[in-house]
Amino acid sequence: SDDPAYVMTARVIQRNDLRLIRNHLDRLPLAKYFTQVINLLMHHSPDNEYSPHIELFFQCGIKLELWKEWFSKPMGYTSRPDKLAYELFNDFIELIRKESREADFSRNISDREYNAIRNYKSAVKFVRKLLARRMLVLRVDLSYRSQYANTVTPLQAKADLTDFLKHFRNDKKLTENLEGYLWKWEFSAKKKMHCHLLFFYDSSKVQNDSHWANRIATLWESLGGVGQRQSYNGNTKENKKKFEDKGELGIGVVARIGDDSDNDFGKPKRDILLNIILKYIMKPEQYLLAIP
């Protein structure tokens, strides 16, 4: 909308024979975020590169120097003698709207969407090439336990993944029949920094996908401090059943791309892998990079 968060209106109050005019602060829908804004701005770090919308939020807060404020009451005072808290909050909302209409912002959005599409097409080309043979596809998610997750920066997570992949590549049993892998870091409010990985093995030489996914997950957990890391094995019998019930089972044994499309019984599972799982991993919505 184009509405502010708060609007000051004059109301007439009838008291016996007196008619009084009093100012009243009306709350509009965006007012519900008033007390959250300052805390959200505190999450900004110069070590990270954010998605355009998140970066816009942070940069508008920086321009207005909102780190000097503490929004507890809309009618509260601020560091500026001419602004009450609700007025400064309204200014913040209006600045976000103004900046979002600038050409640079639109270009950033377009560039990001283009990069996401390019990455997805590249991943599809890579996986389709692998599927010239039947593959055993493993999904493993790497993350940190809740009591440690808040202290892990993107730079630390990136270094941890680099170390993990080095040990992984040095493990001959894990890499002997490996055909390739893909990975993507994400950040969410619940899990904080976490990484999705897909591993592709020659299924004629490697069976028991849950076992091999568990070995990879165990390697990740063993490299951290005691009890600091956790993992998710998507290839357990229970988890594959959950994916299957949702129509999203694209891991485990995935048939090769055959020449006879009329008898290609593996196509539904491949389509899930190519059109759902890869799109999820390459999606542009979540985007946070550690700046080297």
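Here's a quick rundown of the structure. It should be emphasised that the depicted structure is a prediction, and the values quoted were computed from it without experimental measurement.

Re the overall build of the protein
Then comes step 1: Looking only at helices and strands, the protein has 10 helices and nine strands in total.
Then comes step 2: What you see for the protein is a C-alpha radius of gyration of 26 Å, clearly larger than the 19 Å of a compact globule of 292 residues, by over 25%.
Then comes step 3: For the protein, the spread of C-alpha atoms along the principal axes amounts to about 90 × 50 × 40 Å.
Then comes step 4: Going through the 292 residues of the protein one by one, you find that 40% of them count as buried.
Then comes step 5: Taking contacts inside the protein between residues at least 6 apart in sequence as the whole, the part at least 24 apart equals 64%.
Then comes step 6: Element-wise, carbon and sulfur atoms account for 52% of the exposed surface of the protein, whose accessible area totals about 17700 Å².
Then comes step 7: Averaging the coordinates of the 48 positive side-chain charges in the protein and doing the same for the 38 negative ones gives two points 3 Å apart.

Things to note about the environment of T175
Then comes step 1: Relative to the helices and strands, T175 is located in helix α7 (residues 172-175).
Then comes step 2: Taking the C-alpha atoms as reference points, T175 and E94, 81 residues apart in sequence, are found 54 Å from one another.
Then comes step 3: Apart from residues no more than four positions distant in its own chain, T175 is found in contact with F168 and R169.
Then comes step 4: Of the polar contacts made by the side chain of T175, one reaches the backbone oxygen of D171; its length is 3.0 Å.

Observations regarding helix α8 (residues 209-223)
Then comes step 1: In this model, α8 (15 residues) spans 22 Å end to end at C-alpha, consistent with the 21 Å of a helix rising 1.5 Å per residue.
Then comes step 2: D209, W212, A213, I216, A217, L219 and W220 are the residues of α8 that are buried. Seen from one end, α8 has its buried residues packed into an arc of 150°, which puts them on one side.

A few points about the pattern of salt bridges
Then comes step 1: One pass over the structure, following the stated rule, counts 14 salt bridges.
Then comes step 2: E94 is the salt-bridge partner of R101, the closest N and O atoms lying 3.9 Å from each other.
Then comes step 3: Note on R101: relative accessible area 56%, which makes it exposed.
Then comes step 4: Judged by its relative accessible area of 39%, E94 falls in the partly exposed class.
Then comes step 5: As a salt-bridge pair, K246 and E248 come within 4.0 Å of each other at their nearest N and O atoms.
Then comes step 6: Taking relative accessible area as the criterion, E248 reaches 32% and is therefore assigned partly exposed.

Observations concerning the packing of aromatic side chains
Then comes step 1: All chains considered together, the criterion is met by 16 aromatic pairs.
Then comes step 2: Ring centres 4.9 Å apart and planes at 10° place the aromatic pair F34 and F71 in the stacked group. A residue pair is termed long-range when its members are at least 10 positions apart, and F34 in the loop between β2 (18-27) and α1 (37-41) and F71 in the loop between α2 (52-63) and α3 (85-100) qualify at 37 residues.
Then comes step 3: Aromatic side chains F71 and F89 sit 6.1 Å apart centroid to centroid with 80° between the ring planes, which places their arrangement in the edge-to-face category. Residue F71 is found in the loop between α2 and α3, and its partner F89 is found in helix α3; the two are separated by 18 residues along the sequence.
Then comes step 4: An aromatic cluster of three or more residues is present, and its members are Y144, F164, F168, Y181, F199 and W220.
Then comes step 5: The ring of W220 carries R229 above its face, with NZ or CZ at 4.1 Å from the centroid.

The rules behind each value
- Residues numbered from 1 in each chain as written.
- Predicted model: local features only at pLDDT ≥ 70, side-chain atom pairs only at ≥ 80, totals over all residues.
- Heavy atoms only, no water.
- Helix = DSSP H or I, 4+ residues; strand = E, 2+ residues; numbered from the N terminus.
- Rg over C-alpha atoms; globule rule 2.2 N^0.38 Å.
- Buried < 20%, exposed > 50% of the residue type's maximum accessible area, 1.4 Å probe, protein only.
- Contact = heavy atoms within 4.5 Å.
- Areas by Shrake-Rupley, 256 points an atom, 1.4 Å probe, with all protein chains shown as cover.
- Lys, Arg positive; Asp, Glu negative; His and termini not counted.
- Charge placed at Lys NZ, Arg CZ, Asp CG, Glu CD.
- Polar contact = N/O pair within 3.5 Å; in protein donor to acceptor, adjacent residues only side chain to side chain.
- Expected span 1.5 Å × (residues − 1).
- Arc of directions from axis to C-beta.
- Salt bridge = Lys/Arg side-chain N within 4 Å of Asp/Glu carboxyl O.
- Phe/Tyr/Trp six-rings, centres within 6.5 Å; stacked < 30°, edge-to-face > 60°.
- Lys NZ or Arg CZ within 6 Å of the ring centre and 35° of its normal.

Distances and angles like these do not, on their own, reveal function.
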